[in-house]
Amino acid sequence: MLASNIKLGLRVRVQTNNMTALVVGDPEYYTPRSKLVRIKYENSTRYEYMINHQLEALPDQEQYPALGGTYVKPEGDF
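Residues numbered from 1 in each chain as written. Predicted model: local features only at pLDDT ≥ 70, side-chain atom pairs only at ≥ 80, totals over all residues. Heavy atoms only, no water.

1. Some thoughts on the overall build of the protein chain
So, step 1. In terms of regular secondary structure, the protein chain is built from 0 helices and 6 strands.
So, step 2. Traced from its N-terminal end to its C-terminal end, the protein chain shows the element sequence β-β-β-β-β-β.
So, step 3. Once the C-alpha set of the protein chain is aligned to its principal axes, its extents read approximately 40 × 25 × 20 Å.
So, step 4. When the 78 residues of the protein chain are sorted by exposure, 27% land in the buried category.
So, step 5. Taking contacts inside the protein chain between residues at least 6 apart in sequence as the whole, the part at least 24 apart equals 37%.
So, step 6. Surface accessibility of the protein chain: about 5000 Å² in total, with carbon and sulfur atoms responsible for 51%. (Helix = DSSP H or I, 4+ residues; strand = E, 2+ residues; numbered from the N terminus. Buried < 20%, exposed > 50% of the residue type's maximum accessible area, 1.4 Å probe, protein only. Contact = heavy atoms within 4.5 Å. Areas by Shrake-Rupley, 256 points an atom, 1.4 Å probe, with all protein chains shown as cover.)

Below, the structure written as structure tokens:
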């Protein structure tokens, strides 16, 4: 995924572990070709930095309404 396409609140799939996460930080410099992106895994308190190429945006219908999707967080999830 290109760093220029990453937005706060974007729901992504992490390719290394196939988990869903939420982007919670702007891409930060790592190397000229890679950026680090701070994410928070859904249903977890775990935060990590991932390289932008290891993230894949979920389809538009699975994004939050603020980003043009229809996803609503289930009751009881955090």
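2. Some words on the pattern of salt bridges
So, step 1. Within this structure, the stated rule accounts for 2 salt bridges.
So, step 2. Between Arg11 and Glu42 there is a salt bridge, with its nearest N and O atoms 2.7 Å apart. Of this pair, Arg11 sits in strand 1 (residues 11-14) while Glu42 sits in the loop between strand 4 (35-41) and strand 5 (47-51), and the two are 31 residues apart along the sequence.
So, step 3. The partner of Arg46 in a salt bridge is Glu48, and the shortest N-O contact between them spans 3.2 Å.
So, step 4. With relative accessibility at 38%, the residue Arg46 sits in the partly exposed group.
So, step 5. Overall, the relative accessible area of 25% leaves Glu48 in the partly exposed class. (Salt bridge = Lys/Arg side-chain N within 4 Å of Asp/Glu carboxyl O.)

3. Some thoughts on the environment of Ala57
So, step 1. Residue position: Ala57 is located in strand 6 (residues 55-57).
So, step 2. Linking Ala57 and Arg46, residues 11 residues apart in sequence, is a C-alpha distance of 19 Å.
So, step 3. The residues contacting Ala57, other than those within four sequence positions of it, are Met1, Leu10, Arg11, Val12 and Gln63.

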